[in-house]
Amino acid sequence: MTEVNLFCLLMTSATESIMEYTNEAMVSKRLQPTSPNEFRNFLGTMFLSSAFNLSPITAWSMMAFLTDGKVMARERYVQILTNLQGYELSKRIITTPSATWCDQRNTLDNIHPLEKKIFDRSVELFFDNQRGCFVLDDELLGSKAGDIESKTVSDRKSGGEGSTCDAICDSFFQILLGMRLRTLSDSQLENVCKLLDTMPS
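Residues numbered from 1 in each chain as written. Predicted model: local features only at pLDDT ≥ 70, side-chain atom pairs only at ≥ 80, totals over all residues. Heavy atoms only, no water.

Student: What should I look at first to understand the overall build of the chain in this one?
Tutor: Each helix and strand in the chain was counted, giving six helices and four strands. Each helix and strand of the chain, ordered N terminal to C terminal, gives the series α-α-α-α-α-β-β-β-β-α. When each of the 201 residues of the chain is scored for burial, the buried share is 34%. Within the chain, counting contacts between residues at least 6 apart in sequence, those at least 24 apart form 57% of the total. As displayed, the chain offers around 12,400 Å² of accessible surface, 56% of which is attributable to carbon and sulfur atoms. (Helix = DSSP H or I, 4+ residues; strand = E, 2+ residues; numbered from the N terminus. Buried < 20%, exposed > 50% of the residue type's maximum accessible area, 1.4 Å probe, protein only. Contact = heavy atoms within 4.5 Å. Areas by Shrake-Rupley, 256 points an atom, 1.4 Å probe, with all protein chains shown as cover.)

Put into structure tokens, the structure is as follows:
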């Protein structure tokens, strides 16, 4: 089984939801919605581009060479990227039809259902509540953005500052089984307890 097949096995449901939410945002701005094939191309382009520490123009030239010219057009990639959503458009606070941004500090709790969906298949296949051994940890998602709802500053994590997720992992297979973004509505303990509640009893 290739890495791509494994990704599709574990993530198809979540990526379909992200595509649906993204299309809602694009249609609301009268942009061409993306298709399943194009969205997979977008994800592949995003993963591949993250491997290069280059300017966007140079990175696209490199990817065009590596993919024999099949890389997604950069203009279309940016269009999809700037409309990428993790929850329904109706849950975003939009005051005018042309608004393209809203205060994330009021909306990050909406991401929790998608977080669970991302790991549902992994939990179904790998979680063993009888003989499993699990580890809890926190993960810093490095960001310099000034509008993050709950920012952590850490000397022990790479990136230095950003949002924090609590995570659970199978210690035998070293497989991540769940992550939950820590927001202002929950303490660390409350967030970990809610993360554990997403695991089968």
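Student: Is there a simple way to think about the confidence of the model for the chain in this case?
Tutor: When pLDDT is averaged across the chain, the result is 83; 81% of the residues are at 70 or more. Between the elements of the chain, mean pLDDT differs from a low of 57, seen in strand 2 (residues 152-153), to a high of 95, seen in helix 4 (residues 74-81). (pLDDT = per-residue confidence, 0-100.)

Student: How should I be thinking about the environment of D120 in this particular structure?
Tutor: Looking at the element boundaries, D120 is found in helix 5 (residues 112-126). Here the alpha-carbon distance between D120 and M199, two residues 79 residues apart in the chain, equals 9.1 Å.

Student: Explain the pattern of salt bridges here, please?
Tutor: For side chains of opposite charge, pairing can occur when their charged atoms come near one another. Here the structure, examined in full by the defined rule, presents seven salt bridges. A salt bridge links E38 to R76, with the shortest nitrogen-to-oxygen separation between them at 2.8 Å. Placement of E38 in helix 2 (residues 36-49) and of R76 in helix 4 is noted, with a sequence separation of 38 residues between them. With relative accessibility at 22%, the residue E38 sits in the partly exposed group. Since its relative accessible area comes to 15%, R76 is described here as buried. (Salt bridge = Lys/Arg side-chain N within 4 Å of Asp/Glu carboxyl O.)

Student: For this particular structure, what's the right way to read helix 1 (residues 3-28)?
Tutor: For an α-helix the count is 3.6 residues per turn, leaving residues at separations of three or four pointing the same way. Where helix 1 bends most, the angle comes to about 70 degrees, and this point is M11. Within the sequence span of helix 1, burial applies to L10, M11, A14, T15, S17, I18, M19, Y21, T22, N23, A25 and M26. Contact partners of the buried residues in helix 1: helix 2, helix 4 and helix 5. Just downstream of helix 1 lies R30, where phi reads positive at about 60 degrees. (Bend = angle between axes of the 7 residues up to and from the residue.)

Student: What is the right way to read the nonpolar core from this model?
Tutor: General note: in soluble globular proteins, nonpolar side chains tend to be found buried as a group. Counting residues in each nonpolar core, the largest one holds 21 residues, and the members touching the most others are F39, F42 and I80. Listed by contribution, the elements that provide at least two residues to this core are helix 1, helix 2, helix 3 (56-66) and helix 4. Considering each element in turn, this core owes the most residues, six residues, to helix 1. Discounting chain neighbours no more than four positions away, the residues touching F39 are T15, I18, M19, T34, I80 and L84. (Core = buried A, V, L, I, M, F, W, Y, C linked by side-chain atoms within 4.5 Å.)

Student: I would appreciate a short explanation of the layout of surface pockets in the present structure.
Tutor: In this approach a probe as big as a water molecule rolls over the atoms, and the regions it shows empty are the leftover space. The space that makes up the second largest pocket amounts to roughly 390 Å³. Together, 15 residues line the second largest pocket, and F7, C8, T15, R40 and L43 are the ones closest to its centre. When contributions to the lining of the second largest pocket are tallied by element, the ones reaching two or more residues are helix 1 and helix 2. With nine residues, helix 1 is the largest single contributor of residues to the lining of the second largest pocket. Its residues assigned to classes, the lining of the second largest pocket shows nine nonpolar, three polar and three charged. (1 Å grid on protein atoms, 1.4 Å probe; cavity = no way out; pocket = protein on both sides within 12 Å on 5 of 7 lines; lining within 4 Å. Points joined across faces, edges and corners; volume = space filled by probe spheres on them. Nonpolar A, V, L, I, M, F, W, Y, C, P; charged D, E, K, R; others polar.)

Student: Please explain the packing of aromatic side chains as it appears in this structure.
Tutor: Centre-to-centre distance and the angle between the planes together describe a pair of aromatic rings. Applying the stated rule across the entire model yields five aromatic pairs. Relative to F42, the ring of F39 has its centre 5.6 Å away and its plane inclined at 25 degrees; by these criteria the two rings are stacked. Taken together, the positions of F39 and F42, both in helix 2 and three residues apart, correspond to about one turn of that helix. Across this residue pair, the class does not change: F39 and F42 are buried. Centre to centre, the rings of F127 and F134 are 4.8 Å apart; their planes meet at 15 degrees, and the pair counts as stacked. You can call F134 partly exposed: its relative accessible area is 28%. (Phe/Tyr/Trp six-rings, centres within 6.5 Å; stacked < 30°, edge-to-face > 60°.)

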